[in-house]
Amino acid sequence: MSAYDESVESLFRLLQKGIKNFSFVWDERQFRMSVTQVAIPITLDMVSFEQVVMLADEVCYASKKSGIHSRIIKNAKDLSYDEHRGNLNWGLRIIDGLEKDLFEVHFQQVCSLNSDEPRKKIEILVRLKDEESGGLIYPNDFIRAAERFGIISKIDRWVINHTMKQLAEREGLWEQVDQVALNVSALSVRQSGFAEFIIERLAYYQLDGRKFCFEITETEALNNFSDTRKFMAMLHGSGCSIALDDFGTGFSSFAYLTDLPFDLIKIDGMFIKDMHVNDIHYGMVDSIVKLAKMLDKPVVAEFVENQTIVNKLKLLGVEWGQGYHFHKPEKL
């Protein structure tokens, strides 16, 4: 056994002893603790602290899943098959993308279903540029990994800052748009100082907060009620509006809606895209719209893909639509 192995094994034994002698008590119940220990080499190609922590976290997760609770990695190449695939690979690409400025701000129009409505709305979307192919990678491919490694807030901050920067630099675009919608993740909403970051960026670029709408998923708003309420209140103080996104996924409870200071409901696209051929989804949309009318909140329907759906939405009284039928996303 090498000196490296001996020193790591010694540290592992100390940690195991400490955990073994530790007793966690909650509500008069005693819980036994266990630890998964992994040692990995730090190499020259690890260019940031986030990469090191991400790699260690994923190796620990994979080891525990396979039933290995102590593992010493001597060579980074040993990780090439198991740990460098899937989530980890995406996580490293995201870190790389942030460092190399490979992300892009795109937008999609949100169109009025009432021809007399003069206001112009857009939703900001993020894309990641593939260095090898030059193509674009969509959020569905990397957002889960970003959430898994806790770096989704870095993407949120990048998108908010770059969107505001472009709008501030392009006066014509800023004057042309009446509302700019931006998605924020649950991790960002819970993050200390995130609302203050948005308010500070508005002041820095001298932009009117009344033109911004921040979208929070309904499920996360319900799961983190106090954090969400505080976040909404702070942004309202700067004139921003709040949308409950993907509405309908938390359909089991409406009681909380009267206690959240939101301004707009966006119906989850899974109910919209086939509502013209699926009676159950049509009924769900109808119920959500009726609820929105009772709350006096406007409604946006996502994933509008054809005129038949537009006609159905108009009959139900939906005010806004968003989807490929109206506009395919493009670079801002």
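Structure first, text after, so check above.
Thresholds, definitions, all that
Residues numbered from 1 in each chain as written. Predicted model: local features only at pLDDT ≥ 70, side-chain atom pairs only at ≥ 80, totals over all residues. Heavy atoms only, no water. Helix = DSSP H or I, 4+ residues; strand = E, 2+ residues; numbered from the N terminus. Salt bridge = Lys/Arg side-chain N within 4 Å of Asp/Glu carboxyl O. Buried < 20%, exposed > 50% of the residue type's maximum accessible area, 1.4 Å probe, protein only. Patch = residues over 30% accessible without salt bridge, like charges linked within 9 Å, V, L, I, M, F, W, Y side chains within 5 Å. Areas by Shrake-Rupley, 256 points an atom, 1.4 Å probe, with all protein chains shown as cover.

Participant: Mind showing me how you'd approach unusual backbone geometry here?
Facilitator: Glycine aside, residues mostly have negative phi, and peptide bonds are mostly found in the trans state. For glutamine 206, which is not a glycine, the phi torsion comes out positive at approximately 55°. Note that glutamine 206 resides in the loop between α8 (194–205) and β9 (212–217). Positive phi, close to 60°, is recorded for phenylalanine 303, a residue that is not glycine. As for its placement among the helices and strands, phenylalanine 303 is situated in the loop between β12 (299–301) and α13 (307–316).

Participant: What is the right way to read the pattern of salt bridges from this model?
Facilitator: Two side chains of opposite charge can pair, provided their charged atoms sit close to one another. Scanning the model with the defined rule gives 13 salt bridges in all. Between glutamate 200 and arginine 201 there is a salt bridge, with its nearest N and O atoms 2.8 Å apart. On the accessibility criterion, glutamate 200 (36% relative accessible area) is partly exposed. Aspartate 286 is the partner of lysine 290 in a salt bridge, and the nearest nitrogen-oxygen pair spans 3.3 Å. Placement of the pair is lysine 290 and aspartate 286 together in helix α12 (residues 279–295), with a separation of four residues, close to one helical turn.

Participant: What exactly am I supposed to notice about a nonpolar patch on the surface here?
Facilitator: Taken together, Phe22, Phe24, Trp26, Phe31 and Met33 make up a surface patch of nonpolar side chains, about 520 Å² in accessible area. On the secondary structure map, phenylalanine 31 appears in strand β2 (residues 29–31). Phenylalanine 31 sits in the partly exposed class, given a relative accessible area of 31%.

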